[in-house]
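Topology and contacts: notes
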Amino acid sequence: MKPLFYSILLIALFPGCKKDHSTKIEIYLLSSFTSAVVQVGGVPALSISNAVLAGQPLVADKDISFYTASTSSFKLNKDIKGAIQSLSTSAGFAVTVNKEPVYYGVFHPGFLSSMTIGVATIDPILFYNRELFMHFIRIDGNTELTLLDRRNDTRLLNALRASGRLR
């Protein structure tokens, strides 16, 4: 009788173990956007507005293996190096939850001597091993600038946690 009870209990609890993928996390290229330099805490920072997402995601939800919050990096199931290696600061992206932008950024090759402050950046040249780092330049003591860093926004982290992909 006990084995039958445990079998029924196991079957009843098994559906509760599946991961929730109803919330989609995707990264889109921007087909157009307006950029401006604004002062944030006395520092010139890039601001992105009027962003329009491209038709298809650069990184679809199914392409994300996991996200490491401490390094703000996505581990991908596919290699996107070919799709991004020639992109420059004139190309933007958005990290979205259910197609709603959480934050914007631009591509910024590491060989450029300039810095992009105020938005996240992806280095398309140093992308390797399917690990997509989202960089954000911080200036110590500038809390206004720190507030612009949304790489670990609660909407994003909650969606990743619910799907079992948050590290």
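Residues numbered from 1 in each chain as written. Predicted model: local features only at pLDDT ≥ 70, side-chain atom pairs only at ≥ 80, totals over all residues. Heavy atoms only, no water.

**So, the layout of surface pockets**
Roughly 230 Å³ of volume is contained in the largest pocket. Every residue lining the largest pocket is counted, 16 residues in all, and those nearest its centre are Leu46, Gly118, Val119, Leu148 and Arg150. Residue contributions to the lining of the largest pocket peak at 4 residues, all from strand β2 (residues 43–53). The residue makeup of the lining of the largest pocket, split by class, is 11 nonpolar, 2 polar and 3 charged. (1 Å grid on protein atoms, 1.4 Å probe; cavity = no way out; pocket = protein on both sides within 12 Å on 5 of 7 lines; lining within 4 Å. Points joined across faces, edges and corners; volume = space filled by probe spheres on them. Helix = DSSP H or I, 4+ residues; strand = E, 2+ residues; numbered from the N terminus. Nonpolar A, V, L, I, M, F, W, Y, C, P; charged D, E, K, R; others polar.)

**What to know about the sheet that holds β2**
Here we have 5 strands laid out as an open sheet, ordered β2-β1-β5-β6-β7, and mixed in their pairing. At either end of the open sheet lies a strand with only one pairing partner, and these are β2 and β7 (120–122). Each neighbouring strand pair of the sheet contributes to a mean axis angle of 45°, computed without reference to strand direction. Relative to strand β5 (residues 92–97), strand β1 (residues 25–40) is paired through 5 bridges, and the arrangement is antiparallel. Of the residues in β5, the one forming a bridge with Ile25 is Val97. (Pairing = 2+ DSSP bridges. Axes fitted to C-alpha atoms, helices over the stretch in contact; angles between N-to-C directions.)

**So, the confidence of the model for the protein chain**
This prediction gives the protein chain a mean pLDDT of 90; 87% of its residues lie at or above 70. A low-confidence stretch, residues 4–18 stays under pLDDT 50, and its non-local contacts, those more than four residues away or across chains, total 0 contacts. (pLDDT = per-residue confidence, 0-100. Contact = heavy atoms within 4.5 Å.)

**Points about the environment of Ala54**
Its location among the elements puts Ala54 in the loop between β2 and β3 (64–68). Ala54 sits 26 residues away from Tyr28 along the chain, and the two C-alpha atoms are 6.2 Å apart. If we skip the residues at most four places from it in the chain, Ala54 touches Tyr28, Leu29, Leu30 and Ser31.

**Re the sheet that holds strand β8 (residues 131–133)**
Spatial strand order, β3-β4-β8: 3 strands in an open sheet with antiparallel pairing. At either end of the open sheet lies a strand with only one pairing partner, and these are β3 and β8. Averaged over all neighbouring strand pairs, the angle between strand axes comes to 20°, with direction disregarded.

**Thoughts on the environment of Val97**
Topologically, Val97 is positioned in strand β5. For Val97, a relative accessible area of 12% corresponds to the buried category. Along the backbone, Val97 and Leu156 are 59 residues apart, and their C-alpha atoms lie at a distance of 6.5 Å. Other than its neighbours up to four places away in sequence, Val97 contacts Thr23, Lys24, Ile25, Val102, Arg155, Leu156 and Ala159. (Buried < 20%, exposed > 50% of the residue type's maximum accessible area, 1.4 Å probe, protein only.)

**Let's talk about the pairing of β5**
Two faces belong to every sheet, and in a regular strand the side chains alternate between them. Within β5, 6 of the 6 residues are buried, which leaves it mostly tucked inside the rest of the structure. Where burial is concerned, the two faces of β5 agree: the one with Gly92, Ala94 and Thr96 and the one with Phe93, Val95 and Val97 are both buried. For β5 and strand β6 (residues 100–107), the ladder comprises 6 bridges, and the chain directions are antiparallel. Its bridge partner being in β6, Ala94 is matched across the sheet by Tyr104. Between β5 and β6, which pair antiparallel and follow one another directly, the connecting turn spans 2 residues, one of which, Asn98, has a positive phi of 50°.

**Some thoughts on the pattern of salt bridges**
Under the counting rule described, the total for this entry stands at 6 salt bridges. The closest approach of N and O atoms between Asp63 and Lys78, which form a salt bridge, is 3.6 Å. Placement of the pair is Asp63 in the loop between β2 and β3 and Lys78 in the loop between β4 (73–76) and α2 (81–84), with a sequence separation of 15 residues. A relative accessible area of 32% places Lys78 in the partly exposed class. (Salt bridge = Lys/Arg side-chain N within 4 Å of Asp/Glu carboxyl O.)

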